[in-house]
Amino acid sequence: MSCCCDFTSTLHYVSPAHGGWGVIRIAALVPESHQLFVSPFACGRHGALGGAINGIKDRVSYVYIDEGDIVSGGYEELIPKAVDELFEFLGKRPKVLLLFVSCLDDLLGTDHEALNRVLSEKYPDVKFRSCHMNPIKMDTKFPPGVTLQNNMYSLLERSETKDRAVNLIGNNMPLDKGCELFEIMADNGFGIRHITDFDKFDDFKSMSKSVLNLLLSPVAKYASTEMEKNLGIPFMEAYNTYDIDEIRRFYKDLGDILGIKIDTAEYEKRAVKKIGETLDIIGGFPIAIDYQAVKKPFTLAAALIKYGFNVGFIMTDEPKSIEKEAYEYIRNSQKQIRIVNAVHPDLVKFENRDRQYLCVGFDCGYATGSKNVLDILEDESFFGFYGIERLMDGMINAFRNSGDLKEMIKEAGLVI
């Protein structure tokens, strides 16, 4: 295994291929919402670039603070005045205002509950939430992504009436409607809701009527536990996987929870056929996988090995607990695979550019200099047996066609 498999805390290297959905882009999923950033200039510039890159700059405003605002203690007083000015400028008030503060606020200790209470009394038709863009909390229990997901779904109100529907929680991209999950749910009289389904905030609130949350990303687990407590909606962990056995177990468990019988034989048959077709084309060509492309890179690697593919390279940050078993399997019994820490400073040496791979993800494409890259980010819209088929199609396309990695990164709108 590679010498870069050390996951102890150290200086981080961030490659140009590193990034993802920034907080601005994720928060913009809340319909009829606006964002107000209160931060120093540099932090605001980062946010402004994210908004511009992802086409939502008209939904983001800024209050820039300087040393004088901090030293004088006038920092908190600026925010209500800025909200007044913002609403006057917008004309029509948003249904939700997400107040973003930076790492500096963690040091100042702003009383956000009191601040939101004052703002809510003045503007009762607007819901206010205080959000953080504070990377200094990345290694804590409540990093920015976790608290943002909770803020977004805390906007929902408890509904005493429930309907036959389930929510998809934690995935930024909606699942492809070709996924068998939609057909299975419809055949059993269940609907599926996702935040991207709604353009109006009042329609978004219908998610509180669903009987179950399918949790597709660990980043929203805290939000799901809060929804279970406050809204009475239980959740089921449904992290995407490309392992046929795991998918089959997921549908069995889902059927047990909802009290329905789910037959997945036909969907599984199609996935197995597609795997065979892909293996015939790719053969033993080595495959590289990165953790930005899929949430469970070791699980994908183990599944591909089981199907007969040649996995040679995995890039990841610290292995996640949700795939501990797969990680141990790869580490202990597949010692020919290079396991590389995606943020290790030794990556600047580019010691992994000695072999071409079929890369599942941007990061490993950049690190290895490979020409065959599948441009996928956080599983995209893949899920279930259909997700396996989509992945296989993507791998075939990447194998047959070399792409421009720089253009792929640009099109993905990555924001570090």
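Residues numbered from 1 in each chain as written. Predicted model: local features only at pLDDT ≥ 70, side-chain atom pairs only at ≥ 80, totals over all residues. Heavy atoms only, no water.

Draft legend 1. Geometry of the layout of surface pockets. By volume, the second largest pocket amounts to about 590 Å³. Lining of the second largest pocket is provided by 23 residues; of these, Thr241, Glu246, Arg249, Lys296 and Thr299 occupy positions nearest its centre. Considering every element that reaches the lining of the second largest pocket, the biggest residue donor is helix H11 (residues 244-258), with five residues. Among the residues making up the lining of the second largest pocket, the classes are represented as 10 nonpolar, four polar and nine charged. (1 Å grid on protein atoms, 1.4 Å probe; cavity = no way out; pocket = protein on both sides within 12 Å on 5 of 7 lines; lining within 4 Å. Points joined across faces, edges and corners; volume = space filled by probe spheres on them. Helix = DSSP H or I, 4+ residues; strand = E, 2+ residues; numbered from the N terminus. Nonpolar A, V, L, I, M, F, W, Y, C, P; charged D, E, K, R; others polar.)

Draft legend 2. Focus on the sheet that holds strand S6 (residues 191-193). Strands sit in the order S6-S5-S7-S8 across an open sheet of four strands; the sheet is parallel. Edge strands, defined here as strands with exactly one partner in the open sheet, are S6 and strand S8 (235-237). Within this sheet the neighbouring strands show an average axis-to-axis angle of 25°, counted without direction. Contacts between helix H8 (residues 180-187) and the sheet are confined to strand S5 (165-169), S6 and strand S7 (212-215), with S6 contributing the most and set at about 135° to the helix. Here H11 sits on the sheet in contact with S5, S7 and S8, set at roughly 165° to S7. (Pairing = 2+ DSSP bridges. Axes fitted to C-alpha atoms, helices over the stretch in contact; angles between N-to-C directions. Contact = heavy atoms within 4.5 Å.)

Draft legend 3. View of empty space enclosed by the protein. By the definition in use, this model includes three cavities of 30 Å³ or more. What the second largest cavity holds in volume is close to 50 Å³. For the second largest cavity, the full set of lining residues is Asn171, Leu175, Leu216, Asn240, Lys295, Glu378, Asp379, Glu380, Phe382 and Phe383. The residue makeup of the lining of the second largest cavity, split by class, is four nonpolar, two polar and four charged.

Draft legend 4. Summary view of the pairing of strand S9 (residues 287-290). Side chains Ile287 and Ile289 project from S9 onto one buried face, and the interleaved Ala288 and Asp290 project onto a second face that is buried too. Across four bridges, the pairing between S9 and strand S10 (residues 311-316) is parallel. Bridging across to S10, Ile287 finds its partner in Val311. Considered for its hand, the β-α-β crossover made up of S9, helix H13 (residues 297-307) and S10 is right-handed. Pairing geometry for S9 and strand S12 (residues 358-360), over three bridges, is parallel. Considered in S12, the bridge of Ile287 is made with Leu358. (Buried < 20%, exposed > 50% of the residue type's maximum accessible area, 1.4 Å probe, protein only. Right-handed = clockwise from strand over helix to strand, strands pointing away.)

Draft legend 5. Structural view of the sheet that holds strand S3 (residues 96-102). The four strands lie next to each other as S2-S1-S3-S4, forming an open sheet whose pairing is parallel. Edge strands, defined here as strands with exactly one partner in the open sheet, are strand S2 (60-64) and strand S4 (127-133). Each adjacent strand pair in this sheet contributes to an overall mean axis angle of 20°, direction not counted. Note: strand S1 (residues 33-39) against S2, five bridges, orientation parallel. Among the inter-strand pairings, Val38 is bridged to a residue of S2, identified as Val63. Helix H4 (residues 75-90) contacts S1, S2, S3 and S4 of the sheet and is inclined by roughly 145° relative to S1.

Draft legend 6. Region of the structure containing the pairing of S1. For S1, the tally of buried residues reaches seven of seven residues, placing the bulk of the element in the interior. Here S1 pairs with S3 via six bridges, running parallel. Within S3, the residue paired with Gln35 across the bridge is Leu98. Handedness of the crossover is the feature at issue here: the chain leaves S1, passes through helix H2 (residues 41-53), returns alongside S2, and the resulting connection is right-handed.

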